[in-house]
Each structure stands twice: as structure tokens, then as C-alpha cells.
Amino acid sequence: MTPREPLAAPDPRRWLALTLLVASFFMVIVDSQIVMLALPSIESELGFSPGGVQWVMSAYLLSFGGLLMFGGRTADLLGGRRMFLFGTALFGLASVLCGLAWNDSVLITARVVQGVAAAIMTPTAMAVLMHTFAEGPERNKALGIWTGVGAFGATAALLIGGPITDGLGWEWIFYINVPVVVAVLVLGPRLLKTTPVQDGRRRFDPAGAVTITAAIALLVYAVSEAPLVGWGSGQTVGMLIGAAVLLVIFTVIENRSQAPLVPLRIFRSPTVVGGNILMLIVAMTVYGGALITSLYAQQVLGYSAVKFGLSTAIYAVMSIIGANVSARLVAKVGYKPIAIAGMTLLAGGLLLLTRIDPDGGYWSDLFFGLVVFGSGIGSTNVAASIASLTGAKPEESGLVSGINNAVFQIGAALGIAIASSVAFAATTGADAEGLNDGFQAGFLATAVFALAGLATALLLLLHRDRKTSSQGAGKHSVPVHH
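### A short note on the overall build of the chain
No. 1: Regarding its fold elements, the chain presents 17 helices and 0 strands.
No. 2: The proportion of buried residues among the 482 residues of the chain is 56%.
No. 3: For the chain, the accessible area works out to roughly 19,500 Å², and carbon and sulfur atoms hold 67% of it.

### Notes on the side chain of Ser-421
No. 1: Considering the arrangement of structural elements, one finds Ser-421 in helix H15 (residues 397–426).
No. 2: Not counting the four nearest positions on each side in its chain, Ser-421 is found in contact with Pro-227 and Trp-231.

### Things to note about helix H14 (residues 362–389)
No. 1: For H14, with 28 residues, the first-to-last C-alpha span of 38 Å sits near the 40 Å given by 1.5 Å per residue.
No. 2: Summarising burial for H14: 23 of the 28 residues are buried, a large majority.

### A closer look at the environment of Ala-209
No. 1: Along the chain, Ala-209 falls in helix H8 (residues 206–229).
No. 2: Residue classification places Ala-209 among the buried residues on the basis of a relative accessible area of 9%.
No. 3: Residues Ala-209 and Glu-254, 45 residues apart in the sequence, show an inter-C-alpha distance of 10.0 Å.

### Points about the pattern of salt bridges
One side chain can pair with another of opposite charge once the charged atoms of both are near each other.
No. 1: Counted under the stated rule, the structure contains 1 salt bridge.
No. 2: Salt-bridge contacts for Asp-31 lead to Arg-111; the nearest nitrogen and oxygen are separated by 3.3 Å. Separated by 80 residues along the polypeptide, Asp-31 in helix H1 (residues 14–46) and Arg-111 in helix H4 (residues 104–132) bring together distant segments of the chain.
No. 3: With relative accessibility at 0%, the residue Asp-31 sits in the buried group.

### Points about the packing of helix H2 (residues 55–78) against H4
No. 1: Contact geometry for H2 and H4: axes closest at 6 Å, N-to-C directions at 35°. Once H2 is placed against H4, the crossing between them reads as right-handed.
No. 2: Taken together, the residues of the contact of H2 with H4 sort by class into 18 nonpolar, 8 polar and 1 charged.

Calculation rules
- Residues numbered from 1 in each chain as written.
- Predicted model: local features only at pLDDT ≥ 70, side-chain atom pairs only at ≥ 80, totals over all residues.
- Heavy atoms only, no water.
- Helix = DSSP H or I, 4+ residues; strand = E, 2+ residues; numbered from the N terminus.
- Buried < 20%, exposed > 50% of the residue type's maximum accessible area, 1.4 Å probe, protein only.
- Areas by Shrake-Rupley, 256 points an atom, 1.4 Å probe, with all protein chains shown as cover.
- Contact = heavy atoms within 4.5 Å.
- Expected span 1.5 Å × (residues − 1).
- Salt bridge = Lys/Arg side-chain N within 4 Å of Asp/Glu carboxyl O.
- Axes fitted to C-alpha atoms, helices over the stretch in contact; angles between N-to-C directions.
- Left-handed = near helix turned anticlockwise from the far one by under 90°.
- Nonpolar A, V, L, I, M, F, W, Y, C, P; charged D, E, K, R; others polar.

Here it is, written out as C-alpha cells:
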């Protein structure tokens, strides 16, 4: 019997590396949200048409969501650290160009480039994280921190966007990225570990990349525009059919490709499939609920953008707490109980928010619902992330991360589109009472999302029995059967 080789000691700089990774993720999340508060200033200064300014956000969303899987694949083929640093540099250059934009076309083009860079940065950062922390309690803790920072970033954008735009000008919502980019580029080569790359010839799958990117872009664009043009319009229906056809073509290409962008065997894992479906529903619930909360607070209660950000910071705080508590508990009980508890909290918080009143206030109508809702955000994100990423091969960690992040972006777009459509359809008037009717319906729709997520946690993840939990308490969190 041969003696076992001693295990390599963990890198003592791994937590500093995590700080660098989450700082970049925080920047990406803030940048996707902070623009919302600057749109009126951008529209007036750059001469956008009334409906054209939405492309400042849509251009970023489409390029980000559409290229995430391709960005993740680059980590597997070219190295996670290398591509992460490249994406960060590109993000910094695009941010400067956004701030310097002299007309609407330049700004939209720069936002597309920002989205491409973010699509490279996010999955490659996750690939580096997964390679830095061994599967088990430490990785779960790292994912909890990652999730909490992401949740806080969305709220931080609302907190700082108003003061920056009013005090310094809209250009500075892009310039504030530069110090973070410089820090990552200087410290990254020293702190971040290189990730393994696939052996043999490095072959890409351009046909697969084009079809899946086009399919996701069509889907995101269709659901983003649906509230404006109608869900039954020729544009919406045509784009949804086009996205479905492209997905079928993509599947055929991947089955026949010698070097597929997405090896379909990945989806033989019930954990990966269940975790990604859960992540889709989580994103729909969280973004749909956050949108309706913003509309109710600003249009019915009359909150300013700054007051809204301060008032709703409570659910970001609860999300961070929920993420970190869940990351510790998942090693003891497994991710399924955490997913069930988290979806229950999301549903409960949104049902509390359906009690909003046109003459309501923060403490009576928002606070308690947001506390419960925020707790569920952290728990469900941790559970879905661990489920969908656990068991990935080191050389495929970037791809699996890209799929996970792409699913989240698609879910966010779907949640926003469906929740806003329901709210618009249920609005009975332009006064506070009529608007309140619509927002109540919007909260109810997002609660239905959460209940669907609860059913997913109970049914799709049901096969993970007590054995998983007992294993999760040891050195592994939730192993995947291949």
C-alpha cells in the first residue's frame, strides 16, 4: 500500500485574491445598475431620442448576457487569470470611452464593449475563485462572500448614483471604475492563481458561439421590449420563435462539433440542470421584486432616487447576512434545505409586499417585507450557485460559470419584463391608487415566481438525499453524479 502524498497547503494569499475578484465583480454589478439614475442627464446632454436612451442599458445587457458562455469558454481554453486580466483592461478602456462619449452612438458602442468585457470578466473571475478554493466549506464561504458583494453592489449603485450624477456629472459614474481596474491589473498577476487549460489543440467553436449568442440576444431583447410593444406582437413572437430555432440549431452544432462550446454532457448532471433552473427563477424573482419596489417607492410614496436607495439598503444588508449564514450551513445540511428555506423567504417577503397601500409608508408597507425578501436573496443565490457549479471539472469551470451567469442575466431580463407587464396591465389609473393596484399585482406575480422556485427546489433537487447532506458536512459540499 503506497503512502498518500501530503496535501498541498492552501495559498495564504487566497483571501486577498478573493478581495480582488469580488472588487471586480462589485464594479461590474454597480456599472449595470448605476446608469439607471443617470439616464435623464445622459438623454438631455447627448441628444438621445425619448425611446433611444434605453439602449444605454440594453446594449450592455445584450452583449453581457449574450457572450457569457463564450467568455467562460475562453477561461478553459486560454487560462482564467489571463482572460480575467484582459477583460478587466478592456472594461477600463470602455469605461473611459463611455465618460468621454460626445454623442449617443459613441456611448452605445462603448457600452457594448463594456458588456463584452464584463462577459469575459465574470465567468473567468469565478473560474479563478473555484481554482483558488477547494470544493467544500472554504469554497462555500467564498461563494457566500461573492454572492453578498453582488447583492450589495446592486443597492450601492442606487446609493451612490444619484449623488455622483448630481455632484460631479454623469461621466463620473464611468470614471469611478478606473481606480479599481488599475488596482486589479497591478495586483492581479501577483495574487491570482493560474487556472488549468484543456490539453491538446485549443479549438474554438465559432458556429456554436454565434448561434448561442444570437439566441440569447434575441431572447433578452424580446423580453426587454415586450412591455413596450406587447407580448402578443409580431416582433415579440417572431423573436421568441427565432431564439427557439437558434437554440435547436445550436444543439445540433454542439452534438456534431469535435470541440463544442458547450459539451452537452454537462447537462446530464441533475445538479447542474436543477441549480441553473433554480438560478433562473431566483433572478426572475429578485429583479422583478426589486423593480416593483422601486416603482412603488418613487411613484406612489414619492421617494427621490437617493431616499429610495437609502430606504431599501435593508434588503441588501439582509442578503449579505443570509448569504454568509447559508454558506456556513450548507456544509452541514446540504444545499437543498437552504434552497427550500430561501425560496420560502422570497415568497413570504413578496406576499407581505402585496399589502402595500397608496397612503402607506416605509415602516408599515416596505420594511418587514424587504427584511424577509432580502434574507431569501442571499440564501437562494448561495444554494443555486453551489448546486450549479459543484463537481465541475477544473478545465470546464469557466464554461460552467459562464452558463450560470448567463442564466442569471436571462432570468433578470425575464423577471423585469414579466413583472412590469403585469403591473402595467393591472394599473387602473394614473393616480396613486391606480398605480398601487398595478404594483400589488406585480408583487403577486413575483411571489408566483418564488413559489415556482420552491417547487423546483422540492422536485428537481429531490434526488439529493440525506447522503448528500452527510457528505456535505465533510470535505465535499454536494458531489455531482456523472
